[in-house]
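Fold and geometry: a report
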Amino acid sequence: MTEGNRLPVVSVITISYRDAPGLRATIDSVRAQKYPHIEHIVIDGGSGDLVERYLQSQGHLRYWQSEQDGGRYDAMNQGAGQSSGDILWWLHSGDSFADSGTVATVAIELSKNGTRSTADRWGYGKVVRRLDGASLGEWGYMPFDRVGFALGIRPIPHQAAFIGRDVVTALGGYDTTFGLAADQLFMLRAALFAEPDVVPVVLTDFDASGVGSVRPQKEHFADVRRSWDLIGYYPYGGRARSRVMSAWVEWTARTKATIRHISGLVRVELPRRRSDR
């Protein structure tokens, strides 16, 4: 719901490092939004004079910095610390909103429920994954399935997730010691805090070339199980049973991936029949 008939302020937080073209594309995407209550914060890891001069020229930014930080999740936490919005939305360098009405779509959706503040809600939509400009299709599992998410088989696209300020405050931000999967750890904690609002449309275009998008499945599932122990939540009630189920899910996923890989290697074009003339 709007706060006292006030439309919620959306803080878009962009982290960047040595990606000037991607940073420009993301800033242009945010600036193109028609929603009137957006503040944009850019945390750059110290990409050099060219990027710093570019950021200086962007007078619409609420805050920016270009200096060394402690990595992506430290930068994301710094961005949250500089924000003042009711809703926080991390849109990394190279990612962009699906169209100029995306933020308005989410703000209107969150304003439909008159019994809860937007600041204590969170949710997500879909993304279109892109690699070298080519679309890999839509991605985003709906409806939300807490067990599937906790198992690591129905992940939430972080680029299409919007988090209320009170949720971020309650969770204490991102764990800077957890590693690449700290975004999924954060959203699992959010899912235990409150059920997400699901917006069943594409909200962002996501650059799928990042290191977090091409991780080995073994590492992915190891982080899934590590997050359970850290939080003390197990999707099947107990640690032992949940780990057995996780091992089965991992084996199934890795087997399917191996079969797809082998199929791709052995697929050959059948010889065409010569026409008899």
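This part takes up the overall build of the protein. If you tally the helices and strands in the protein, you get nine helices and nine strands. Per-residue burial over the protein gives 44% buried out of 277 residues. Partitioning the intrachain contacts of the protein with sequence separation of at least 6 by distance along the chain shows that 73% fall at a separation of at least 24. Of the roughly 14,200 Å² of accessible surface on the protein, 51% is carried by carbon and sulfur atoms.

Moving on to the pairing of strand β7 (residues 134-139). Sheet topology note: the strand β6 (residues 122-131)/β7 ladder contains four bridges and is antiparallel. Bridge pairing in β7 links Arg-130 to Ser-135. Between β6 and β7, which pair antiparallel one after the other, the connecting turn spans two residues, and Asp-132 there sits at a positive phi close to 55 degrees.

The biggest cluster of nonpolar side chains holds 40 residues, and the ones touching the most others in it are Trp-90, Trp-122, Ile-156, Ile-163, Phe-186, Met-187 and Trp-228. Looking at this core element by element, the count peaks at seven residues for helix α7 (residues 182-193). The contact partners of Met-187, leaving out residues within four places of it in the chain, are Trp-122, Phe-149, Ile-156, His-158 and Ala-161. By size, the runner-up hydrophobic cluster in this structure holds 20 residues, among which are Val-10, Val-12, Val-30 and Phe-162.

Turning our eyes to something else, we now look at the environment of Arg-165. Mapping Arg-165 onto the fold places it in helix α6 (residues 165-171). Remark: the alpha-carbon pair of Arg-165 and Asp-120, spanning 45 residues in sequence, is separated by 6.7 Å. Once residues within four sequence positions are removed from consideration, Arg-165 is found in contact with Ala-80, Ser-83, Ser-84, Gly-85, Asp-86, Leu-88 and Ala-119.

Right, let's get into the confidence of the model for the protein. On average, residues of the protein score 90 in pLDDT, and 90% of them are at 70 or above. Below a pLDDT of 50 lies the segment residues 272-277, which in the model reaches zero contacts outside its immediate sequence neighbourhood of four places, other chains included.

To continue, consider the packing of α7 against helix α8 (residues 217-231). Two quantities define a packed helix pair, namely the angle between the axes and the distance from one axis to the other. Look at α7 against α8: their axes get within 10 Å of each other, and the N-to-C directions meet at 50 degrees. Between α7 and α8, the interaxial angle falls into the category oblique. Here the hand of the crossing between α7 and α8 comes out right-handed. In this structure, α7 contributes Leu-185, Leu-188, Arg-189 and Leu-192 to the contact, and α8 contributes Ser-227, Trp-228, Leu-230 and Ile-231. Of the residues assigned to the contact of α7 with α8, the class counts are six nonpolar, one polar and one charged.

Each value, and the rule that gives it
Residues numbered from 1 in each chain as written. Predicted model: local features only at pLDDT ≥ 70, side-chain atom pairs only at ≥ 80, totals over all residues. Heavy atoms only, no water. Helix = DSSP H or I, 4+ residues; strand = E, 2+ residues; numbered from the N terminus. Buried < 20%, exposed > 50% of the residue type's maximum accessible area, 1.4 Å probe, protein only. Contact = heavy atoms within 4.5 Å. Areas by Shrake-Rupley, 256 points an atom, 1.4 Å probe, with all protein chains shown as cover. Pairing = 2+ DSSP bridges. Core = buried A, V, L, I, M, F, W, Y, C linked by side-chain atoms within 4.5 Å. pLDDT = per-residue confidence, 0-100. Axes fitted to C-alpha atoms, helices over the stretch in contact; angles between N-to-C directions. Parallel < 35°, antiparallel > 145°, perpendicular 65-115°, else oblique. Left-handed = near helix turned anticlockwise from the far one by under 90°. Nonpolar A, V, L, I, M, F, W, Y, C, P; charged D, E, K, R; others polar.

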